[in-house]
Structures are given as structure tokens and as C-alpha cells.
Amino acid sequence: MEGSFTGGDEYQKHFLPRDYLAAFYSFDSGPVPEAEMLKFNLECLHKTFGPAVTPQARPPGRMLEITLHFSFRVTSTHSWAIFPGGLQGDTLIDIDSGPTIYQVLAACESFKDITLSDFTDRNREELEKWLKKEPGAYDWTPAVRFACELEGNSDRWREKEEKLRAVVKRVLKCDANLGNPLAPVVLPLADCVLTLLAMECACCSLDAYRAALRNLASLLKPGGHLVTIVTLRLKSYMVGKRQFSCVPLEKEEVEQAVLDAGFDIEQLLHSPRSYTVSLAANTGLCFIVARKRPGP
């Protein structure tokens, strides 16, 4: 598998951000799987970084786990009771942001200093274009409005955009396969590392995925949090006419890799949600919030 895996050089040469955004982030395209997946991710993040609620009682030291089998909206009343929310701090690092900003819309209300990062020049340029409000920047308004709706006020979407632009302090190159994923830049240890739908695309094998999680852990303070969403059993995905490889992961493999990287899992949500088969033939996804253990 490693020999045919689409690595960094292929991403740098052939990954086109606008093709990717058109395929996976056309928010107003109706109830297609991609739009529903984006809404689902935004709800996960809102319930993690949003105001704290009283969590469902559970034995000390035990993680909260739920499997969703139905429409997210239908089950949200009881399923989200297990997510206490209120995750906050000073610094957050988003690893492999791609050309997207939706993943930090909730966190920008809870963190003062956010770092975005990606491997490819084009993706970082796309991020900078939106942050600087340059002509031709991608229009994230529908996603921002939805995030504000989750917070109870869809009319403050312009304020939300400006808040996000203010707290994103830098856009860096990253490679999760390096011991320091942000090399040569060295940042102070962060309160939170976020990575969505990325590690399974950046890593060529289960061993590489496990190593990448250890690399991400090195960016965190003891007691800091990892927040991640992983597509399960995904072998590849399409961007335009290009196919990009992924390492197919099972929920149990993801869970064990997070534990072995030095984390305690606080919340694990398993959902059968999947993308359009012709774009990305995954079988569900896994959302995890984990705390880095104290260590030497």
C-alpha cells in the first residue's frame, strides 16, 4: 500500500482546493451527504467548544461513548446530553486544516490564539485569502450562519467571521508525519490540538497513523485536549478527477491509537454517516475528545 499511496508530493502538485471545496463543502446544495456531514461536524464542534452543560453521570475514569443510528437532528436531544461542552483555553492548533475554516468556528469563541496549518501551498493560500478578505475568497457564509444558528443567533454571522479572523494568528506549513508537525516552527505547548478528516489521508498505514497521533500529542500541554474526527474504512477519495489515498481505519483501531498516544478518551461518538460513494466510500465516522495524560 505504501508504494502506491499518494504522498505529499502528489498533494502539492495535484490537490486543487476549489475542486475539493466544490465536492465536499457546497453547503446550499440540498440534503446531500456532504452537506449533512458538514452540519454534523459543526454540531459536534459546537457541543464540544460551546457553553458547558451538566454531563450525564458516569463512573469515574470511564469515557462516554454513543453510537448514532438515526438522523442527527432527531437524536440530538438525548445523545448530546453526554457532551459536557465548555472546552476552552488560550491556544489551539488545527493540524491539516486543508482549505477550510469551518472547523474553528466554534473554537474561536473559546480560544484566544488559533493556528491553522496545512501541507500544501495552495491550501494555505486559500486560507490566507479568506482571512484577509481578498477578492475571490471562498464564501463560507452558509456554514458560518449555521454555526451561529447553533449558538442561538444566526444574525451575528458577520461578527463571527471577524472574531475568527482576529483569533487566527498564523497559518503554517505542517506535516503530521514529522516529530514536530510544524517544523521548523516551534510553538509553545497548546491547550488543544484539533484535526478533522485529515490523519487518515496523511498517513500511509496504521503504524504511521499511530505515530502521527504521538506527534500531535507532542504539541500539547499535559492535560491538553485532542479533538478529532476520523472517517472509517476509507481507502481513497476523489478531488476533481484525481484520487487520493487514505488508510482504512476501524473504530477500535482509532480508539486504541489514541490511548497508546498518551491520551485518556473522554468522549467517543460513532456515527454511520458517510459521504457519497463516488466521492469517498467511507463507512461511518468517529468523533473523539481526549485528554493528554500527565507525564515526565
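Residues numbered from 1 in each chain as written. Predicted model: local features only at pLDDT ≥ 70, side-chain atom pairs only at ≥ 80, totals over all residues. Heavy atoms only, no water.

> Explanation requested: helix 9 (residues 206-217) in the structure shown.
Along an α-helix, residues three or four positions apart point the same way, because every turn accommodates 3.6 residues. Given a rise of 1.5 Å per residue, 12 residues ought to cover 16 Å, and the 17 Å separating the end C-alpha atoms of helix 9 matches this to within 8%. Of all the residues in helix 9, the buried ones are Ala 208, Tyr 209, Ala 212, Leu 213, Asn 215, Leu 216 and Ala 217. Summarising the contacts, the buried residues of helix 9 are in contact with strand 5 (190-196), helix 8 (199-202), strand 6 (220-231), helix 10 (251-260), strand 9 (263-271) and strand 10 (285-292). (Helix = DSSP H or I, 4+ residues; strand = E, 2+ residues; numbered from the N terminus. Expected span 1.5 Å × (residues − 1). Buried < 20%, exposed > 50% of the residue type's maximum accessible area, 1.4 Å probe, protein only. Contact = heavy atoms within 4.5 Å.)

> Is there a simple way to explain the environment of Leu 206 in this structure?
When you line up the elements, Leu 206 lands in helix 9. For the pair formed by Leu 206 and Glu 250, sequence separation is 44 residues and the distance between their alpha carbons is 10.0 Å. When sequence neighbours within four positions are dropped, the list of residues in contact with Leu 206 reads Val 247, Leu 249 and Glu 253.

> Just checking my understanding: could you explain the pattern of salt bridges for this structure?
Note that side chains of opposite charge can pair when their charged atoms are close. A complete count under the given rule lists 21 salt bridges for this structure. Here Asp 113 ties to Arg 170 by a salt bridge, and the two come within 2.7 Å at their closest N and O atoms. You can see Asp 113 sitting in strand 3 (residues 113-118) and its partner Arg 170 sitting in strand 4 (residues 168-173), a full 57 residues away along the chain. When its relative accessible area of 19% is taken as the criterion, Asp 113 is described as buried. For Lys 133, the salt bridge goes to Glu 162, with nearest N and O atoms at 3.5 Å. Taken together, the residues Lys 133 in the loop between helix 5 (121-131) and helix 6 (141-150) and Glu 162 in helix 7 (residues 157-167) connect sequence positions 29 residues apart. What makes Glu 162 partly exposed here is its relative accessible area of 36%. Through salt bridges with shared partners, a single network forms among Glu 109, Glu 151, Arg 156, Glu 159, Lys 160 and Lys 163. (Salt bridge = Lys/Arg side-chain N within 4 Å of Asp/Glu carboxyl O.)

> Can you help me understand unusual backbone geometry in this one?
A negative phi holds for most residues other than glycine; trans holds for most peptide bonds. Residue Pro 184 follows Ala 183 across a cis peptide bond; omega there is 5°. With respect to the secondary-structure elements, Pro 184 resides in the loop between strand 4 and strand 5. If you check the backbone angles, Asp 96 has positive phi at about 60° while not being a glycine. Mapping Asp 96 onto the fold places it in the loop between strand 2 (91-94) and strand 3.

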